[in-house]
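So the chains spell out like this:
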Amino acid sequence: ASSSRRRSSSSGSSKSTTKVDNDLNPPAASSASSLFVDIVEGSSSSPSHSPSSSSRTSNNTLGENDNEGEEKEGKGSTNSPFIHHPQFDAVVCGGTLGIFAASAILARDPSLRVAVIERSALRGRDQDWNIARSELERIVQYGIVDRDTMEESIKIEFNPMRVGFETPKKGGFSTDVNDVLNVGVSPKQLVERARESFVKRGGVVLENVSIQGISVYDDAAVVTCGHESKDAAAAVDNSNTPFLLKSRLIIDAMGGGSPIAKQARGGAKPDGICLVVGSCARSKLFNEINRKGGDLIYSFNPVEEVPTLATKEKFMARDGSISTELPRNVQNKSSEIQMFWEAFPASSGANDRTTYMFAYMDASATRPSLQRMFQEYFRLLPKYQGLGGESSSGSTTSMEELVAKEDITFTRLLFAAFPSYSASPIQYPESWSRIVAVGDASGVQSPLSFGGFGALLRNLPRTVDGVVEALQYDILDGKSLRGLQPYLPNLASTWMMQRSMSAPSLEDADDAPNNMIPKVFGSPLLSDGSPGPEIISELLANTFEGMLSLDDGKGDRLLPFLQDVVRPGGLLGALSKVVVNKPELVPRIIRHVGPAPIVDV
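Let me sum up the structure you'll find in this document. For clarity, every value in this text was computed on a predicted model and none was experimentally measured.

## Concerning the overall build of the protein chain
So, point 1. When helices and strands are counted, the protein chain shows 23 helices and 23 strands.
So, point 2. A total of 601 residues make up the protein chain; the buried ones form 55% of that total.
So, point 3. As presented, the protein chain carries roughly 25700 Å² of accessible surface, and 49% of it is formed by carbon and sulfur atoms.

## Examining empty space enclosed by the protein
So, point 1. Summed over all chains, the structure comprises six cavities of 30 Å³ or more.
So, point 2. Space inside the largest cavity adds up to approximately 90 Å³.
So, point 3. Along its surface, the largest cavity is lined by Ile426, Gln427, Tyr428, Pro429, Trp432, Ile435, Val436, Ala437, Gly478, Leu481, Arg482 and Gln485.
So, point 4. Secondary structure elements with two or more residues in the lining of the largest cavity: strand S23 (435–437) and helix H16 (478–481).
So, point 5. Its residues placed into classes, the lining of the largest cavity shows eight nonpolar, three polar and one charged.

## Remarks on the nonpolar core
The tendency in soluble globular proteins is for nonpolar side chains to be buried side by side.
So, point 1. Counting residues in hydrophobic clusters, the biggest one holds 45 residues, and the most contacted among them are Ile99, Phe100, Val114, Leu136, Ile139, Ile251 and Phe453.
So, point 2. Apart from the residues lying within four places of it in its own chain, the contact partners of Ile251 are Ala90, Val91, Val92, Cys93, Ile105, Val436, Val438 and Val467.
So, point 3. One finds Val177, Phe358, Met501 and Met547 within the second-largest nonpolar core, a separate group that totals 31 residues.

## Here's the deal with the pattern of salt bridges
So, point 1. Tallied over the full model, the rule gives 19 salt bridges.
So, point 2. Close ionic contact of Asp89 with Arg113 constitutes a salt bridge, the shortest N to O distance being 3.4 Å. With Asp89 in strand S3 (residues 88–93) and Arg113 in the loop between helix H4 (98–108) and strand S4 (114–117), this residue pair connects regions lying 24 residues apart in the sequence. Neither Asp89 nor Arg113 differs from the other in exposure class; each is buried.
So, point 3. Each of the salt bridges in this network shares a partner with another, and the network as a whole consists of Asp89, Arg113, Arg248 and Asp474.

## Some details on the side chain of Ser283
So, point 1. Inspection of the secondary structure assignment puts Ser283 in the loop between strand S14 (272–282) and helix H11 (285–291).
So, point 2. We classify Ser283 as buried; its relative accessible area is 3%.
So, point 3. Of the polar contacts made by the side chain of Ser283, one reaches the backbone nitrogen of Leu285; its length is 3.1 Å.

## Here we look at H4
So, point 1. In terms of burial, H4 is a largely internal element, nine of the eleven residues being buried.
So, point 2. Of all the residues in H4, the buried ones are Gly98, Ile99, Phe100, Ala101, Ala102, Ser103, Ala104, Ile105 and Leu106.

## A short note on the packing of H4 against helix H8 (residues 187–200)
So, point 1. For the pair H4 and H8, interaxial distance at closest approach is 9 Å and the crossing angle is 30 degrees. Here H4 and H8 pass one another in a crossing that is left-handed. Here Ile99, Phe100, Ala102, Ser103 and Leu106 of H4 lie close against H8, whose contacting residues are Leu190, Val191, Ala194, Arg195, Ser197 and Phe198.
So, point 2. Here the residues of the contact of H4 with H8 are counted per class, giving eight nonpolar, two polar and one charged.

## Regarding unusual backbone geometry
Comment: phi is negative for the bulk of residues other than glycine, and the bulk of peptide bonds are trans.
So, point 1. Looking along the chain, the bond that leaves Asn159 and enters Pro160 is cis, with omega of -5 degrees.
So, point 2. Relative to the assigned elements, Pro160 resides in the loop between strand S6 (154–157) and strand S7 (161–165).
So, point 3. Located in the positive-phi region is Leu181, a residue other than glycine, with phi close to 50 degrees.
So, point 4. On the basis of relative accessible area, Leu181 is assigned to the partly exposed category, the value being 22%.

## Here we look at the sheet that holds strand S5 (residues 129–131)
So, point 1. Pairing is antiparallel across the open sheet formed by three strands, whose spatial order is S5-S9-S6. Either end of the sheet is taken by a strand with one partner, and the two such strands are S5 and S6. When the angles between neighbouring strand axes are averaged without regard to direction, this sheet yields 30 degrees.
So, point 2. Two elements, S6 and strand S9 (residues 183–185), share three bridges in a ladder whose sense is antiparallel. Of the residues in S9, the one forming a bridge with Glu157 is Val183.

## Observations regarding the sheet that holds S14
So, point 1. As summarised here, the arrangement of the seven strands in space is S8-S7-S15-S20-S21-S14-S22, forming an open sheet in which the pairing is mixed. Both outer strands of the open sheet, strand S8 (173–177) and strand S22 (409–420), are each paired with one neighbouring strand and no more. Averaged over all pairs of adjacent strands, the angle between strand axes in this sheet comes to 15 degrees, irrespective of strand direction.
So, point 2. One ladder, built from six bridges, connects strand S20 (residues 340–345) with strand S21 (residues 352–361); its direction is antiparallel. Note on S21: the bridge partner recorded for Phe344 is Thr354.

Quick notes on the rules
Residues numbered from 1 in each chain as written. Predicted model: local features only at pLDDT ≥ 70, side-chain atom pairs only at ≥ 80, totals over all residues. Heavy atoms only, no water. Helix = DSSP H or I, 4+ residues; strand = E, 2+ residues; numbered from the N terminus. Buried < 20%, exposed > 50% of the residue type's maximum accessible area, 1.4 Å probe, protein only. Areas by Shrake-Rupley, 256 points an atom, 1.4 Å probe, with all protein chains shown as cover. 1 Å grid on protein atoms, 1.4 Å probe; cavity = no way out; pocket = protein on both sides within 12 Å on 5 of 7 lines; lining within 4 Å. Points joined across faces, edges and corners; volume = space filled by probe spheres on them. Nonpolar A, V, L, I, M, F, W, Y, C, P; charged D, E, K, R; others polar. Core = buried A, V, L, I, M, F, W, Y, C linked by side-chain atoms within 4.5 Å. Contact = heavy atoms within 4.5 Å. Salt bridge = Lys/Arg side-chain N within 4 Å of Asp/Glu carboxyl O. Polar contact = N/O pair within 3.5 Å; in protein donor to acceptor, adjacent residues only side chain to side chain. Axes fitted to C-alpha atoms, helices over the stretch in contact; angles between N-to-C directions. Left-handed = near helix turned anticlockwise from the far one by under 90°. Pairing = 2+ DSSP bridges.

Below is the structure:
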């Protein structure tokens, strides 16, 4: 490895080993760095950082999209210009959403050399992405695709979307809104068209290629890549040898689980988690429901105490075997959860409907597993969607009965765990030059939403224009690039709302000093004696009612919140209404949410 001095690339750690060796072989295990990003002082063009004469990466890395000029002239030479000259202006890591950012960047400046690396095949899923038409317009405004292509990608459009929170008093709150997440587009088609546009402008797509590490030098960043399949190896250089890509700028689009983001956050535990389970199911019972539109957010049950594990939780051993035997490091406890629901008519048929159940919580080990969340989902789904009706005793037809009678068929199951951090957007150390994040990897998504496509498009103007300007003027130092991730007041507002929508774990409630974190389940948190488990529904119902009343029911203050662009003024105005109309709730809100998130707003 190079003898150049290396700067620490994460706070509290000076351990660092360059990822770029004297040849294309990976560093020896004894000297390999545990850091994904390595900040190295010196030039990447020094002899000690160049691949050996056995390197074949420069011959075929670009394939049919070889750039003209000095790179092409170096083909076949042992003194390859692949390392001595930047191969790309920007390399986008993560393709499913990164392809949209990459295509927009090339549309802004076609002279740039841009590549997209995707660990698997670059394609979108079969199930709809739901988004507002006003947000989808960004893909046309930024030249990702043309308007005809955008319209062709829209497979379903519907209104209204219901927002509601049932409470034992006065039925809670419910209202219909239009044009929010009411458009279903085909990800498979849209990703393919964005890719075609990107490649047509000279962009390079590398599929089935993994990123093993990134070394950032004074003059460029070097990405060490590996092949995820034999087909990918044949497409690049007919071998399984790791290869290098050199770029002026690295763009992280690897989502919330990005190894770059994890390192930048120092391995910090998420401040919040959103667990989501759901399905796309087919039933004649959905036909009439679909005609009424969808649900943006809805709750019909109070806070419930939920076990950590499913009734017959399954575990995977290190050898890949599946067992129901409880591992020694796993405990089956319980915690309090407030369930929320979301539903959309699906484009795959009039009887098809996508439903999600989700819950906000901290990252305590007592929180339910995804298997347990699915068990609760199947238990509550019939009641949520009114499937099969209720008996005279008030019980709802069970999911087992509905499946046995073939009244419902599940075509796809979905699940995810979305981490969120109060310190967002992410801020890299100033020593991290030549790296910038987009989408969920940057932490710009609201802690209330699931991020993804919508979050990427909402922040596209700042991201794309900023990246292009940084490349054009060669402003790629860490301090300057931090300006692309400024403080966003709306994130502080939504973070407070996430806290208000989360029930504290029983473990935290028992251990908290001075009982600052209340135990919600079974405790009278409301001063008028109503049951504690209703506190979250009561809080949300009154807050949303306050937002709606600020503009005489027009929804101008409510819609930004639902579109994930919360304005602090609207939220504080709604809370002031709660103070006036429901003063007995105020001390309970402060006790439940805590003073810090309120002060941050």
